[in-house]
Amino acid sequence: MNEVEKWHADLAEAGELTPEVTNRILSVHDDRGAQAIEAVSEGRVKEYRDFTVVVGHDDEYVVEGHGCGCRDSEYNLDPDDPTDLCWHVIAVDIARRVGEVDNHDMWYSDVRDFL
């Protein structure tokens, strides 16, 4: 079990961001973990019928599985390292495990142009 799987399991069991789980996320992901925790606490993880979206400061980022279209994922992350994730993917992982995903019963592809 890698470090990401460990904090996933701990968070799923706790059902909330305990100090221990928060410290583990930060120790594995540093600033990316902090940005993810901030996004979850601000309700910026949105689930649509077709995509999960994380609202950033400058744009919205579609997350599918452990893939994201952000520049960090494209240029900075090691695809062979399962612990090297962008903060958008980390935010989705956290939000799902603590029940903090903002659900929208609509297609993101239909509303994207209006946002």
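To be clear, the structure that these remarks concern was listed above.
Here is what the cut-offs are and how they apply
- Every chain is numbered independently, its residues counted from 1 as its sequence is written.
- Totals for whole chains, interfaces and linings use every residue, but because this is a predicted model, local features are given only for residues with pLDDT of at least 70 and side-chain atom pairs only at 80 or more, for both listing and counting.
- Side-chain measures here rest on the full set of heavy atoms in the structure, leaving out hydrogens and waters.
- Any Lys or Arg side-chain nitrogen located within 4 Å of an Asp or Glu carboxyl oxygen qualifies as a salt bridge.
- Think of it this way: any DSSP run of H or I at least four residues long counts as a helix, any run of E at least two long counts as a strand, and we number them from the N terminus.
- Residue exposure (1.4 Å probe, protein chains only): buried if accessible area is under 20% of the type maximum, exposed if over 50%, otherwise partly exposed.
- Convention adopted: a line fitted to C-alpha atoms gives each axis, helices being fitted over their contacting stretch, and angles between N-to-C directions are expressed from 0 to 180 degrees.
- For classification purposes, an angle smaller than 35 degrees is called roughly parallel, one larger than 145 roughly antiparallel, one from 65 to 115 roughly perpendicular, and anything else oblique.
- Left-handed describes a crossing in which the near helix is turned anticlockwise from the far one by less than a right angle; the clockwise case is right-handed.
- A contact between two residues is defined here by any heavy atoms of the two lying within 4.5 Å.
- Under the scheme applied, nonpolar residues are Ala, Val, Leu, Ile, Met, Phe, Trp, Tyr, Cys and Pro; charged residues are Asp, Glu, Lys and Arg; polar residues are all the others, including Gly.
- Counting of polar contacts relies on pairs of N or O atoms within 3.5 Å, with two restrictions inside protein: one atom must be capable of donating a hydrogen and the other of accepting it, and residues adjacent in sequence are counted only when both atoms are side-chain atoms.

Caption draft 1: Summary view of the pattern of salt bridges. Under the counting rule described, the total for this entry stands at nine salt bridges. Its salt-bridge partner being Lys6, residue Glu3 comes within 3.1 Å of it at the nearest N-O pair. With Glu3 and Lys6 both in helix H1 (residues 3–14) and three residues apart, this pair spans about one turn of that helix. Lys6 gets classed as partly exposed once you look at its relative accessible area, which sits at 30%. Taken together, the shared-partner salt bridges connect Arg32, Asp72 and Asp84 into one network.

Caption draft 2: Main features of the packing of H1 against helix H4 (residues 87–98). One can describe the packing of H1 onto H4 by two numbers: an axis separation of 8 Å at closest approach and a directional angle of 30 degrees. Classed by the angle they form, the pair H1 and H4 counts as roughly parallel. Considering how the two elements wind past one another, H1 and H4 form a crossing that is right-handed. Each of Trp7, His8, Leu11 and Ala12 in H1 lies in contact with H4, whose residues at this interface are Ile90, Asp93, Ile94, Arg97 and Val98. Taken together, the residues of the contact of H1 with H4 sort by class into six nonpolar, one polar and two charged.

Caption draft 3: Highlighting unusual backbone geometry. One non-glycine residue, Asp30, lies in the positive phi region at around 50 degrees. For Asp30, a relative accessible area of 54% corresponds to the exposed category.

Caption draft 4: The side chain of His8, seen in detail. On the secondary structure map, His8 appears in helix H1. Polar contacts involving the side chain of His8 include one to the side chain of Asp93, which spans 3.0 Å. Beyond its immediate stretch of four places on either side in the chain, His8 contacts His66, Asp93 and Arg97.

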